[in-house]
Amino acid sequence: MLSTCKCVQEQLFSDCTFFHCKYTHAEYQIHNQYSGPRKDAMAYADWLRRDHRFSDILVQVSPAPCGHAFPRLKLRYKPSLVQLEGGSCHLPLVESSMRASPLTPSEWREKLEARKRLESEPAGDTSGRNVLLLDVRNGYEWDIGHFEGAKRPNVDCFRSTSFGLSEQEMDSSDPLHGVDKENTDILMYCTGGIRCDVYSTILRKKGFGNLYTLKGGVSNYLTSEGCAEWVGNLFVFDDRLSLPPAKFAEEGEREDAAQEQGGIDTGRSSPSRWLGRCYVCGSEVEELKHRNCASIDCNRLFLCCRWCLEELRGCCCLECRSAPRLRPLLPGHQRYDKWHLYRDATSSTLHISS
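Description of the structure in this document. Remember, predicted model here, so these are calculated numbers, not experimental data.

### Overview of the overall build of the protein
- In terms of helices and strands, the protein carries ten helices and 15 strands.
- Expressed as a percentage of its 354 residues, the buried residues of the protein come to 44%.
- A separation of at least 24 residues holds for 63% of the contacts in the protein among residues at least 6 apart in sequence.
- For the protein, the accessible surface area stands at approximately 19200 Å², while carbon and sulfur atoms represent 49% of it.

### Structural notes on the pairing of strand 7 (residues 184–189)
- Of all six residues in strand 7, six are buried; the element is thus mostly enclosed.
- Going residue by residue along strand 7, you find T184, I186 and M188 tucked away on one face and D185, L187 and Y189 tucked away on the opposite face as well.
- As judged from the six bridges shared by strand 5 (residues 130–135) and strand 7, these two strands associate in the parallel manner. Directly across from D135, in strand 7, lies its bridge partner Y189.
- In terms of strand pairing, strand 7 meets strand 8 (residues 211–214) through three bridges, oriented parallel. Paired with I186 across the two strands is L211, which belongs to strand 8.

### Details of the sheet that holds strand 4 (residues 101–103)
- Spatially, four strands are ordered 4-8-7-5 in an open sheet, and the strand pairing comes out parallel. Edge positions in the open sheet fall to strand 4 and strand 5, since each of these has one partner strand only. The average undirected angle you get between the axes of adjacent strands in this sheet is 30°.

### Points about helix 5 (residues 194–205)
- With twelve residues, helix 5 should cover 16 Å at 1.5 Å per step; its first-to-last C-alpha distance of 18 Å lies within 8% of that length.
- Within helix 5, eleven of the twelve residues are buried, leaving the element largely enclosed by the surrounding structure.
- Those residues of helix 5 that fall on the buried side of the exposure criterion are I194, R195, C196, D197, V198, Y199, S200, T201, I202, L203 and R204.
- Positive backbone phi, approximately 100°, marks G207, located one or two places after helix 5.

### Points about the environment of K338
- Looking at where K338 falls in the secondary structure, it is placed in the loop between helix 9 (318–321) and helix 10 (339–353).
- Judged by relative accessible area, which is 53%, K338 ranks as exposed.
- Remark: the alpha-carbon pair of K338 and I296, spanning 42 residues in sequence, is separated by 9.5 Å.

### Description of the side chain of R195
- Within the secondary structure, R195 sits in helix 5.
- When sequence neighbours within four positions are dropped, the list of residues in contact with R195 reads V82, V136, R137, N138, E141, F158, C190 and F237.

### Considering unusual backbone geometry
- A positive phi angle, close to 75°, is found at E229, a residue other than glycine.
- Structurally, the position occupied by E229 is in the loop between helix 6 (217–225) and strand 9 (230–232).
- Backbone geometry at N299 places phi at a positive 60°, although glycine is not the residue there.
- As for its position among the elements, N299 is in the loop between strand 14 (291–292) and strand 15 (301–302).

### Here's the deal with the pattern of salt bridges
- As enumerated under the stated definition, the model contains 15 salt bridges in all.
- The partner of E229 in a salt bridge is K116, and the shortest N-O contact between them spans 3.3 Å. Pair noted here: E229 is in the loop between helix 6 and strand 9 and K116 is in helix 3 (residues 105–120), with a separation of 113 residues, a long-range link.
- Counted as one network, the salt bridges with shared partners bring together R109, E113 and E225.

What counts, and where the lines are drawn
- Residues numbered from 1 in each chain as written.
- Predicted model: local features only at pLDDT ≥ 70, side-chain atom pairs only at ≥ 80, totals over all residues.
- Heavy atoms only, no water.
- Helix = DSSP H or I, 4+ residues; strand = E, 2+ residues; numbered from the N terminus.
- Buried < 20%, exposed > 50% of the residue type's maximum accessible area, 1.4 Å probe, protein only.
- Contact = heavy atoms within 4.5 Å.
- Areas by Shrake-Rupley, 256 points an atom, 1.4 Å probe, with all protein chains shown as cover.
- Pairing = 2+ DSSP bridges.
- Axes fitted to C-alpha atoms, helices over the stretch in contact; angles between N-to-C directions.
- Expected span 1.5 Å × (residues − 1).
- Salt bridge = Lys/Arg side-chain N within 4 Å of Asp/Glu carboxyl O.

Honestly, it's all geometry; don't read function into it.
Right, here's the structure in full:
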């Protein structure tokens, strides 16, 4: 594993003139995200596939219309790709039998359609199996888009996820509480599939036998199946923050194209309209894109209407509005830079004024 990672890192460093990247590897998985000119990015993917160890690697492509999606080249080793309270070293992550069974996007869609038919059956009909759709992401990701019928996760950070772990007799916040472990198919999904792979081992140890995950995550599904059964946008963990389903469908249609084309949505299928809610006042928000709270000590990701944005100067609440370390309100959905840039600018202004 170490020699493999070193080889990949050397290739990335040799290409760093056109790549910005976040490359992370752990014992059980490698996670590589990078942005660059399409021709060069696909050439790097082809180089990986020529190595027999990566010949079946899943490469997912999505547009970055405003330039690099990552601010710099970043390579590191982590004991675990995702963080959980209590750690993950004790989990059987390298045992495929302990993880959820992966479903292709088309198989996943069939499962969702079967779930819909099951829900439409008369009450009391128990002839079929139960199906539960579990969103294994953060609540703020659900807020801008999710599969129809999936409940909002009651967590703001994946490491705090506790689905299926409650020992209380009544726990309405846990969608797996009281579920028939033998006769319920649990469909788990997240952005790229990593969180499901990890968390499914926990549920397997808790006795849940029928676990399924979406191979390649939501991004792979949107590329393959369009927005069928999906509403809203997809949250992404880079400078873009949010992408509409049509962008993934676009890439799926032109995956083998020789030249890069313009960023026009083809609309392979019409998405169901989804309106988010302003975190502050609860009003409807059409622009499904988060921003960070202007208070550096809060930094919460939240949806916000224009009125609250101006009223609170980019903060998520009145308490943060009066916080000591505030960044300026940025126009549009620009991302904040490092805190010291704002701190130094403020100090400079104060010095000139004195």
